[in-house]
Amino acid sequence: MSLTIDQLTEEAMQLPSSSRALLAERLVESLSAAEVDAVQKLWAAEAVRRRDDVRSGRVQTIPGEQVLAEVRSLVGR
């Protein structure tokens, strides 16, 4: 029986971060050049959209240290 994408994701999230990074790299490498190009174009468009949101004032940035402090408090570190 094949695992669903949700099941695979749940299993993969149990791996150490270095293993997840390796898995992500291998998955990206398995894509064709056209697929990689399409993904890169989508990410570039997303980056431009986010930049424009910040520049226009539609969203406010949060300092990295503040975000990290919030995450640390959530995970109890």
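Check the entry above for the structure.
In every chain, residue numbers begin from 1 and rise along the written sequence. Thresholds applied to this predicted model are a pLDDT of at least 70 for local features of residues and 80 or more for the giving and counting of side-chain atom pairs; totals over whole chains, interfaces and linings are not thresholded and use all residues. The basis for every side-chain value is the complete set of non-hydrogen atoms in the structure, without hydrogens or water.

Colleague: Explain the overall build of the protein chain to me, please; I cannot follow it from the model alone.
Modeller: Regarding its fold elements, the protein chain presents four helices and zero strands. The way it works is that DSSP assigns letters per residue, a run of H or I at least four long becomes a helix, a run of E at least two long becomes a strand, and they are numbered from the N terminus. Going residue by residue from the N terminus, the α and β elements of the protein chain occur as α-α-α-α. Just to be clear, the radius of gyration here is over C-alpha atoms, and the globule rule we use is 2.2 Å times residues to the power 0.38. For the protein chain, whose C-alpha radius of gyration is 17 Å, the value lies well above the compact-globule estimate of 11 Å for 77 residues. Referenced to the eigenvectors of the C-alpha coordinate spread, the extents of the protein chain come out at roughly 50 × 40 × 20 Å. Total accessible area computed for the protein chain in this model is approximately 7000 Å², and 59% of it derives from carbon and sulfur atoms. The positive count covers Lys and Arg only, the negative count covers Asp and Glu only, and His and the chain ends enter neither. The atoms used to mark charge sites are NZ of Lys, CZ of Arg, CG of Asp and CD of Glu. In the protein chain, the 10 positive side-chain charges and the 12 negative ones have mean positions that sit 7 Å from each other. Each accessible area value is a Shrake-Rupley result obtained with a 1.4 Å probe; residue values ignore everything except the protein chains displayed when judging cover.

Colleague: In this structure, what is going on with helix H4 (residues 64-75)? I would like to understand it.
Modeller: It helps to recall that an α-helix has 3.6 residues per turn; residues three or four apart then point in one direction. Take the number of residues in a helix, subtract one, and multiply by 1.5 Å to get its expected span. An ideal rise of 1.5 Å per residue puts 16 Å on 12 residues; H4 measures up with 17 Å between its terminal C-alpha atoms. Note on H4: the residue one or two positions beyond its end, Gly76, has a positive phi of about 75°.

Colleague: Before we go on, may I ask you to explain a nonpolar patch on the surface in this structure?
Modeller: Each patch groups residues whose relative accessible area exceeds 30% and which form no salt bridge, using 9 Å between like charges and 5 Å between nonpolar side chains of Val, Leu, Ile, Met, Phe, Trp and Tyr. By convention in these notes, a salt bridge is any Lys or Arg side-chain nitrogen within 4 Å of a carboxyl oxygen on Asp or Glu. A cluster of nonpolar side chains, Ile62, Val67, Val71, Leu74 and Val75, forms an exposed patch at the surface whose accessible area comes to about 480 Å². Counting through the fold element by element, Ile62 comes out in the loop between helix H3 (33-56) and H4. For the exposure calls, accessible area comes from a 1.4 Å probe over protein chains only, and a residue counts as buried if that area is under 20% of its type's maximum, exposed if over 50%, partly exposed in between. Ile62 gets classed as exposed once you look at its relative accessible area, which sits at 51%.

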